[in-house]
Amino acid sequence: MVIKFLATLVIAAQAVSAIILVSLVFRGKLPRLHGFLAHLSLPLAFATALVATLGSLYLSEIAGFKPCDLCWFQRIFMYPQAILLGLALLRREMVVICYSLPLLFIGLAISLYHNYIVYQAVTATFCSAIGEISCTQQYIVEYGYVTIPLMSLTAFLLVILSLLLAKSRQAQE
């Protein structure tokens, strides 16, 4: 039940990411949409990072899915975001964007690689050499395509797009 809910959130996050991307690309032609989304961007980034953190903890600690090495590396770059973005939201400080984005882009790159090896069924010598869990292990496949690595990729992408949107709003003020 929880896994289906998380997979549904992933699909919703992908739709929101597409809308944010349209808003960023066409902000001059869609100023009302851009303004509305920009106003919600930091809370959305925080909520996404928090759900990603809690979701990954649920999958490993409650559902019993052991994370592979790439999953651990992605967690290293996502978990602090929940704290940083939560504090930024409480203090209404946008300076955190400068610190969060580089970490998020590193996490996104790791996630892209992880999805590549999962969906292309590539043998990852990196993971098999140092870890006990294969990085191609697919514990879940919901809706025909939503896997744990895709959940991570979607979360990184949505947080990045939300922060870019917040940054564009900050530049306009």
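Quick caveat, the model's predicted, so the values are computed rather than measured. (Residues numbered from 1 in each chain as written. Predicted model: local features only at pLDDT ≥ 70, side-chain atom pairs only at ≥ 80, totals over all residues. Heavy atoms only, no water.)

Caption draft 1: Representation of the environment of Ser-162 within the structure. Following the sequence through the fold, Ser-162 ends up in helix α6 (residues 148-172). Residues contacting Ser-162, with those up to four places away along its chain left out, are Ile-20, Ser-41, Leu-44 and Ala-45. (Helix = DSSP H or I, 4+ residues; strand = E, 2+ residues; numbered from the N terminus. Contact = heavy atoms within 4.5 Å.)

Caption draft 2: The arrangement of the nonpolar core in detail. In this structure, Leu-59, Leu-85, Met-151, Val-159 and Leu-163 are the most contacted members of the largest nonpolar core, which totals 38 residues. Broken down by secondary-structure element, the contributors of at least two residues to this core are α1 (2-25), α2 (31-62), α3 (69-91), α4 (96-119) and α6. Examining the composition of this core, we find that 10 residues originate from one element, α6, more than from any other. Dropping the residues within four chain positions of it, Leu-59 is found in contact with Ile-3, Leu-6, Gly-64, Phe-65, Ile-148 and Met-151. (Core = buried A, V, L, I, M, F, W, Y, C linked by side-chain atoms within 4.5 Å. Buried < 20%, exposed > 50% of the residue type's maximum accessible area, 1.4 Å probe, protein only.)

Caption draft 3: Layout of the side chain of Gln-81. Mapping Gln-81 onto the fold places it in helix α3. Those residues in contact with Gln-81 that lie beyond four places of it in its chain are Ala-49, Gly-86, Ser-100, Leu-103 and Leu-104.

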